[in-house]
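Structural characterization, general
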Amino acid sequence: MPLTEAQIERYSRHIILDKVGGVGQEKLLSAKVLIVGTGGLGAPAALYLAAAGVGTIGLLDGDAVDLTNLQRQIIHHTEDVGVRKVDSALAKMHAINPNVTIRTYDVWARADNLAQIVREYDFVIDGVDNFAAKFLINDVCYFEQIPFSHAGILQFEGQLMTVLPNATACYRCVFPAPPPAGSVPSCGQAGVLGVLPGVVGSLQATEAIKHLLGIGELLTDTLLTYNALTMTFRKIPVGRNPECPLCGRNPEITEVRDEKQVVCEQRGCVC
Amino acid sequence: MNAYIQRVLSVPASVREQTGRFRRQVERFVRGELTPTAFRAYRVPWGVYEQRSAGHFMVRVRIGAGVVSSSQLRCLARLSRAYGNGILHVTTRQDVQIHDVAIESTPHVLEDLLEAGLSSRGGGGNTVRNITACPRAGICAAERFDVTPHAIALAEYLLQFDSSYNLPRKYKIVFSGCAADCGLASVADLGFFAHHREGAKGFAVYAGGGLGPNPAVGVKVEDFIREGDIFEVAETVKRLFDKHGDRSNKHKARLRYVLKRLGPEQFIRLYRQERTAVRQEGLEGPLPQIEATDERPTTSATTNVLDGSQATADIAPEKDAGLFTFRLGLPLGDLSADELVEVARLADNYGTGLVRTTQQQNLLIPSVPEERFDDLHAEIGRLGIRTSDQRSPEVVACAGAATCKLGLCLSRSLATAITKKLAENPNSTVGGTTIRVSGCPNSCAQHHVADIGLQGHARRVDGKLLPCYDVLTGGKTAEGKAQLATRIGTVPAKAVPDLLAELFAAGKIPSQLEPLVHEYESKAIPDDYFYDWGADQPFSLAGRGPGECGAGVMDVITVDIQQAKEAIKQAALKTQDSAKSESLYQAVLASARALLVLSGDEPKTDRAIFQAFTKHLIEPGWVDLAAQELLDCAVDWRMGNKGTLADMQDRAARLVQRVEQLFLSLDANLKFKLEPVAVTRAASEGPASTVDLRGVACPLNFVKAKLAVEKVGIGDIIEIQLDDGEPIRNVSASLADQGQEVLETKRLYDHFLLRVRRTR
């Protein structure tokens with residue numbers, strides 16, 4: 001469908017870009033991205049992807065907005081406290097761009113529901129706050145062959161990696177299994193700089209858009225770490241691990257299952 | 001008794017706002033950030049024109065309906081003294097011009113004008129020009145009703161819209177209060193004639209008239225519209241013009257060419273369609289108030305003698321008994337700033353504080369009570385305000401080649417010479433005769449509606465240019481009965497005053513001029529006839545760059561091409577080789593010479609003409625290389641080699657034909673629209689698609705251009721129409737930056753055509 005006059009104006013700065021153009025913008029308009037977790041990471045990703053005109057955006061989160069979220073989850077406003085997060089996020093995204101379709105899933109990500117949702121999308125953004133869900137996303141995306149962007153944050157540091165399943169290193173290639181419960185503190189316990197997920201979530205949105213347009217170099221087989229205190233970005237090469245329990249030569253994991261800790265035990269620690 | 005007082009035009013808020021931005025554009029130009037071309041496109045619609053001498057500018061201030069207040073006159077006088085040459089000029093379209101303003105001063109002028117409630121917006125360019133009215137509207141005893149409120153309200157309405165400043169060409173609107181048409185509505189793009197129907201005020205409407213080359217009288221498009229419908233009708237004609245006006249050729253762009261092209265029936269049909277569409281869509285409101293006019297009866301006793309011709313009398317009775325209009329007959333529309341200040345004072349003291357500008361380039365002080373007449377007369381005498389003699393003819397002249405970049409002849413000098421010559425014989429019968437002198441076919445002095453019209457023209461005599469004037473008679477305007485003056489002959493410029501003196505001395509009238517003109521046409525031409533009036537150099541077009549060639553130059557080119565064609569005809573009739581060769585030689589020489597003026601060249605000798613032709617036309621590929629051989633043969637023949645020229649008749653004919661085609665393809669910037677002979681493959685391929693992005697601002701025009709390029713196949717060509725200035729520069733550069741192949745940037749009349757091949 002040709003771009004409307006309003007779309008031409010709205011997306012003019014994209015269309016001007018040599019690597020985007022009208023063709024690229026039309027790709028974005030027909031693309032579908034699922035954001036799992038509408039917290040600190042999901043918030044900027046959701047806002048930017050809506051603004052960019054990604055045609056269909058899925059929001060998956062089973063939580064409600066809490067006052068402690070507002071320090072970093074900028075898609076939610078003070079008046080939203082107590083509102084379902086997906087509803088709160090939808091309202092802000094529509095305010096930015098009423099032309100994108102937003103599907104909401106007011107559930108927690110589980111082994112028995114995530115695959116059927118993920119397979120509807122072209123790309124997934126991992127914006128969850130706990131290891132169990134991160135491994136679940138990795139596994140589901142592997143089985144469904146859907147590219148995704150992993151990210152994690154804590155205190156002043158964040159990390160980021162893009163996974164093209166069966167082609168580039170997956171999350172389990174780097175971290176075979178979740179750490180024992182309690183060995184790594186959660187955000188609720190250790191704290192997090194509010195702006196940190198803003199940076200990392202925006203990087204995830206960047207990866208999503210690059211993938212959808214087929215431009216640039218994705219952050220595959222590479223773990224990017226960001227230290228906000230020293231302002232250091234480091235790219236750590238990681239390769240596919242032949243011993244990976246998911247995508248290695250002799251995989252142990254042959255179907256999706258829930259890891260022990262599905263959500264952070266501590267309320268209000270959605271990152 | 002209370003005198004009738006009108007209001008003056010009120011500058012709309014949008015124009016006030018835009019005036020504030022004029023300064024920045026001037027500053028950008030002065031800093032070199034804006035090219036002269038881009039700046040010209042910006043300043044001309046602001047009524048800021050460069051004069052003939054570079055660096056001097058003229059500011060044309062619109063005087064709505066010709067009604068101006070004394071305080072506005074004082075402002076004009078002050079600006080002329082502070083920034084100009086201290087002389088004000090009243091134009092035939094009721095504007096007032098300030099001359100010799102430095103470009104850096106133009107923002108001051110525009111800003112100060114605004115403070116006095118005046119503006120030069122739409123003073124030039126392809127815009128809604130000053131909306132004029134009969135000079136005595138509201139006070140004339142013969143009028144049906146006062147049309148100044150309509151002229152003013154319509155201007156206030158149209159001036160608000162950007163679309164009024166980007167038309168195919170200028171759009172002139174006139175209101176006349178009765179069928180006598182003192183306002184010249186019958187030769188306007190849109191002319192309104194006051195009428196009553198069933199007690200309601202309204203207008204008969206004419207459209208498609210205009211003076212200039214190929215002048216035309218408008219056709220009636222409405223028998224009667226109610227006064228409130230003037231906005232809708234003006235908008236309708238504006239859209240009709242916008243849709244059908246030929247933007248690719250400035251010289252064929254005016255509404256009258258649309259009328260000519262479509263024919264009156266189709267023109268009126270399209271007008272009706274457009275009006276229905278406008279009505280359905282509704283006008284962008286709110287509409288300005290048409291001031292209720294005072295429909296008082298004529299109480300003066302002299303109604304029956306008042307018609308258009310009475311406007312030439314210095315004193316005329318008004319509609320209201322006991323009030324008179326005093327005319328200041330300005331010589332050629334000029335008066336000094338000091339004089340203007342005095343006029344303002346007199347208007348305050350004796351009249352109503354309002355002054356009127358007239359189509360005859362004069363000023364009127366309206367509504368002077370009879371008992372104060374002698375005082376006013378005495379004051380004018382004492383102040384020494386120069387006015388023209390009541391018994392002399394009304395001589396109107398355009399600016400002419402002295403200051404106008406388009407001018408061909410020095411029309412003002414001729415006008416002065418005529419006035420002086422006729423004054424030598426005070427018994428002559430010239431009183432009331434209007435003589436209008438235009439320096440070129442652009443007709444700025446409106447010579448087609450004069451008793452005697454003179455139009456600058458050039459003839460070639462013995463290879464030299466002779467300044468001449470076409471003489472026209474029989475022009476008149478009147479509702480439904482307008483007649484354009486017809487040409488009765490062409491006489492040398494230097495002979496014109498004698499011609500007219502002889503006519504009037506014999507007690508004859510203008511319609512009896514024709515035999516005398518023919519007599520003058522056959523007289524011998526003395527050497528000093530090659531000098532125009534007021535010129536100390538022989539008449540020449542040399543040194544006029546392409547930007548300065550106007551209709552007059554085109555005229556000279558036509559003369560050469562006609563001569564070449566005639567010579568080809570003659571050659572075909574000749575049987576002897578020597579006679580044939582002589583004719584062919586003349587044909588080749590005339591065609592070689594014809595277009596050289598476009599390069600600013602006017603070579604004197606045959607050899608230099610041939611050399612210049614090679615340089616300017618053959619080498620760039622405009623003319624086939626085969627022409628070079630023809631030229632060489634012509635030179636050989638001249639040198640005494642009698643051999644080959646006679647055999648080259650076909651080739652010479654082709655050369656003449658090519659030169660004429662090139663001439664006819666000239667666009668408004670005097671560039672050939674024809675492709676060069678040696679075209680590249682790309683330039684001759686047809687485009688896969690064309691897209692019009694005029695009026696689309698940066699960077700959205702690039703966005704749209706890019707989208708359009710993406711739609712054609714790789715390797716295909718697309719043509720994109722873009723505005724002058726930033727648009728053409730930015731879009732072309734951006735497309736090239738992104739790897740597309742920009743084949744050609746072609747300047748059309750007021751915009752550009754970009755040809756691009758999609759490469760990726």
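What counts, and at which threshold
Residues numbered from 1 in each chain as written. Chains lettered and ligands numbered in written order. Predicted model: local features only at pLDDT ≥ 70, side-chain atom pairs only at ≥ 80, totals over all residues. Heavy atoms only, no water. Helix = DSSP H or I, 4+ residues; strand = E, 2+ residues; numbered from the N terminus. Rg over C-alpha atoms; globule rule 2.2 N^0.38 Å. Buried < 20%, exposed > 50% of the residue type's maximum accessible area, 1.4 Å probe, protein only. Contact = heavy atoms within 4.5 Å. Areas by Shrake-Rupley, 256 points an atom, 1.4 Å probe, with all protein chains shown as cover. Lys, Arg positive; Asp, Glu negative; His and termini not counted. Charge placed at Lys NZ, Arg CZ, Asp CG, Glu CD. Axes fitted to C-alpha atoms, helices over the stretch in contact; angles between N-to-C directions. Parallel < 35°, antiparallel > 145°, perpendicular 65-115°, else oblique. Left-handed = near helix turned anticlockwise from the far one by under 90°. Core = buried A, V, L, I, M, F, W, Y, C linked by side-chain atoms within 4.5 Å. Domains from an automatic or database assignment. Buried area = accessible area lost by both parts, 1.4 Å probe. Pairing = 2+ DSSP bridges. Salt bridge = Lys/Arg side-chain N within 4 Å of Asp/Glu carboxyl O. Polar contact = N/O pair within 3.5 Å; in protein donor to acceptor, adjacent residues only side chain to side chain. Phe/Tyr/Trp six-rings, centres within 6.5 Å; stacked < 30°, edge-to-face > 60°. Lys NZ or Arg CZ within 6 Å of the ring centre and 35° of its normal. pLDDT = per-residue confidence, 0-100.

Let's talk about the overall build of chain B
Looking only at helices and strands, chain B features 20 helices and 24 strands. For 760 residues, the compact-globule estimate of 2.2 N^0.38 gives 27 Å, and the C-alpha radius of gyration of chain B, at 28 Å, lies within 12% of that figure. When its C-alpha atoms are laid out on the principal axes, chain B stretches across 90 × 70 × 50 Å. Residue burial in chain B is summarised as follows: out of 760 residues, 58% are buried. Pairs at least 24 apart in sequence give 68% of the contacts found in chain B among residues at least 6 apart. A total of about 29500 Å² of accessible surface is found on chain B, and carbon and sulfur atoms cover 49% of it. Considering chain B, the positive charge centre built from 92 side chains and the negative charge centre built from 93 side chains are found 3 Å apart.

Here we look at the environment of B:Ala13
With respect to the secondary-structure elements, B:Ala13 resides in helix H1 (residues 13-30). For the pair B:Ala13 and B:Cys440, spaced 427 residues apart in sequence, the C-alpha separation works out to 37 Å.

A short note on the packing of H1(B) against helix H2 (residues 36-43) of chain B
All names here are of chain B. Look at H1 against H2: their axes get within 10 Å of each other, and the N-to-C directions meet at 160 degrees. Classified by the interaxial angle, the pair formed by H1 and H2 is roughly antiparallel. Crossing geometry of H1 relative to H2 is assigned as left-handed. In this structure, H1 uses Arg-21, Phe-22, Gln-25, Val-26 and Phe-29 to contact H2, whose residues at the interface are Pro-36, Phe-39, Tyr-42 and Arg-43.

What about the nonpolar core?
Residue and element names in this part refer to chain B. Counting 84 residues, the largest nonpolar core has Ile-435, Val-437, Leu-513 and Leu-595 as its most contacted members. A total of nine residues in this core trace back to one element, the largest contributor, which is helix H13 (residues 551-573). Here this core spans two domains, since at least three of its residues come from each of domain 3 (394-461 + 492-530) and domain 4 (546-664). Beyond its immediate stretch of four places on either side in the chain, Ile-435 contacts Pro-393, Glu-394, Val-395, Val-396, Ile-418, Leu-422, Ile-452, Leu-454, Leu-500 and Phe-504. Of all hydrophobic cores here, the second largest spans 52 residues; its members include Val-147, Leu-167, Ala-194 and Ile-290.

Comments concerning the domain arrangement of chain B
Residue and element names in this part refer to chain B. Structurally, chain B comprises domain 1 (1-125 + 310-388), domain 2 (142-297), domain 3 (394-461 + 492-530), domain 4 (546-664) and domain 5 (681-757). Placing the centre of domain 1 and that of domain 3 at their C-alpha centroids yields a distance of 28 Å. With 14 residues of domain 1 in contact, the opposing surface of domain 3 contributes 17 residues. Contact between domain 1 and domain 3 buries roughly 1300 Å² in total, counting both sides, with carbon and sulfur atoms accounting for 43%.

Some details on the side chain of A:Asn138
Considering the arrangement of structural elements, one finds A:Asn138 in helix H7 (residues 131-144). Contacts of A:Asn138, omitting those with residues within four sequence positions, involve A:Phe148, A:Cys170, A:Tyr171, A:Arg172 and A:Leu246.

Focus: unusual backbone geometry
Residues and elements named next belong to chain B. The omega torsion across Cys-698 and Pro-699 is 0 degrees, close enough to zero to call that bond cis. Structurally, Pro-699 is set in the loop between strand S21 (689-692) and helix H19 (700-711). Notably, Ser-367 is not glycine yet its phi reads approximately 60 degrees, a positive angle. Turning to its location among the elements, Ser-367 is positioned in strand S15 (residues 363-369). Unusually for a residue other than glycine, Ser-443 sits at a positive phi of about 65 degrees. Look at Ser-443 and you get buried, because its relative accessible area is 4%.

Let's talk about the side chain of B:Asp320
All names here are of chain B. Turning to its location among the elements, Asp-320 is positioned in the loop between strand S11 (315-317) and strand S12 (323-328). Look at Asp-320 and you get buried, because its relative accessible area is 11%. Leaving out residues up to four positions away in the same chain, Asp-320 has contacts with Arg-296, Thr-299 and Ser-300.

Remarks on the sheet that holds strand S5 (residues 96-101) of chain B
Residue and element names in this part refer to chain B. Taken together, the five strands give an open sheet; going across it, the order is S1-S2-S5-S4-S13, and neighbouring strands pair in antiparallel fashion. In the strand order of this sheet, the two ends are held by strand S1 (48-50) and strand S13 (334-336), each with one partner. For this sheet the average axis-to-axis angle between neighbouring strands, irrespective of direction, equals 30 degrees. Here three bridges tie S1 to strand S2 (residues 57-61), and the two strands are oriented antiparallel to one another. Among the inter-strand pairings, Val-48 is bridged to a residue of S2, identified as Val-59. Helix H8 (residues 337-350) contacts strand S4 (87-90) and S13 of the sheet and is inclined by roughly 90 degrees relative to S13.

Quick look at the interface of chain A and chain B
Contact residues are listed per partner, giving 14 residues for chain A and 10 residues for chain B. For the pair chain A and chain B, the two sides together bury roughly 1000 Å², of which 65% comes from carbon and sulfur. Interface area lost by chain A to chain B is led by A:Ile8, A:Ile16 and A:Asp18, which between them contribute 46%. The interface formed by chain A and chain B holds two salt bridges in total. Note that A:Asp18 is salt-bridged to B:Arg760, the shortest N-O span being 2.9 Å. Connecting chain A to chain B are eight residue pairs in polar contact (both at pLDDT 80 or more). Secondary structure elements with two or more residues in the side of chain A that touches chain B: helix H1 (5-10), helix H2 (12-16) and helix H3 (21-29) of chain A.

A few points about the environment of B:Ala207
Within the fold, B:Ala207 resides in strand S9 (residues 200-207). When the C-alpha positions of B:Ala207 and B:Ala188 are compared, they lie 6.9 Å apart, and in sequence the two are 19 residues distant.

Here we look at the sheet that holds strand S16 (residues 394-397) of chain B
Residues and elements named next belong to chain B. Ordered by their spatial adjacency, five strands build an open sheet running S16-S17-S18-S19-S20, and the pairing between neighbours is mixed. Every other strand in the sheet has two partners, leaving S16 and strand S20 (486-492) as the edge strands with one partner each. Geometrically, the sheet is characterised by an average inter-axis angle of 30 degrees between neighbouring strands, direction not taken into account. In terms of strand pairing, strand S17 (residues 434-438) meets strand S18 (residues 452-461) through four bridges, oriented parallel. Of the residues in S18, the one forming a bridge with Ser-438 is Gln-455.

What to know about the packing of aromatic side chains
For any two aromatic rings, the description comes down to two numbers: the centre-to-centre distance and the angle of the planes. Within the structure shown, the criterion is met by 20 aromatic pairs over all chains. Both rings, one in A:Tyr226 and one in A:Phe233, keep their centres 4.5 Å apart while their planes meet at 15 degrees; by these two values the pair is stacked. Owing to a relative accessible area of 7%, A:Tyr226 belongs among the buried residues under this scheme. The exposure class of A:Phe233 is partly exposed, given its relative accessible area of 44%. Look at B:Phe193 and B:Tyr206: their rings are 5.3 Å apart centre to centre, the planes differ by 80 degrees, and that puts the pair in the edge-to-face class. Here the residue B:Phe193 occupies a position in strand S8 (residues 190-197), and B:Tyr206 occupies one in strand S9, the gap between them amounting to 13 residues. In this pair, the class of B:Phe193 matches that of B:Tyr206, namely buried. Here a set of aromatic residues connected by ring pairs shows up, and it is made of B:Phe145, B:Phe175, B:Phe192 and B:Phe203. A cation sits over an aromatic face here: B:Arg121 above B:Trp46, 4.4 Å from the ring centre. Cation over ring: B:Lys494 sits above B:Trp533, and NZ or CZ is 5.5 Å from the ring centre.

Remarks on the confidence of the model for chain B
Residue and element names in this part refer to chain B. Here chain B averages 86 in pLDDT, while 92% of its residues score no lower than 70. Counting interchain partners and residues more than four positions distant, the pLDDT-below-50 stretch residues 303-312 has 13 contacts. Contacts for the low-pLDDT stretch residues 678-684, under 50 throughout, to residues beyond four places or in other chains number 10 contacts.

Here we look at the pattern of salt bridges
For the structure on display, the rule yields 47 salt bridges over all chains. Among the ionic pairs, A:Arg110 bridges to A:Asp112, the shortest N-O distance being 3.1 Å. For A:Arg110, a relative accessible area of 35% puts it in the partly exposed group. When the shortest N-O distance is used, the salt bridge between B:Glu111 and B:Arg23 registers 2.8 Å. Here B:Arg23 lies in helix H1 and B:Glu111 lies in helix H4 (residues 106-115), a separation of 88 residues in the sequence.

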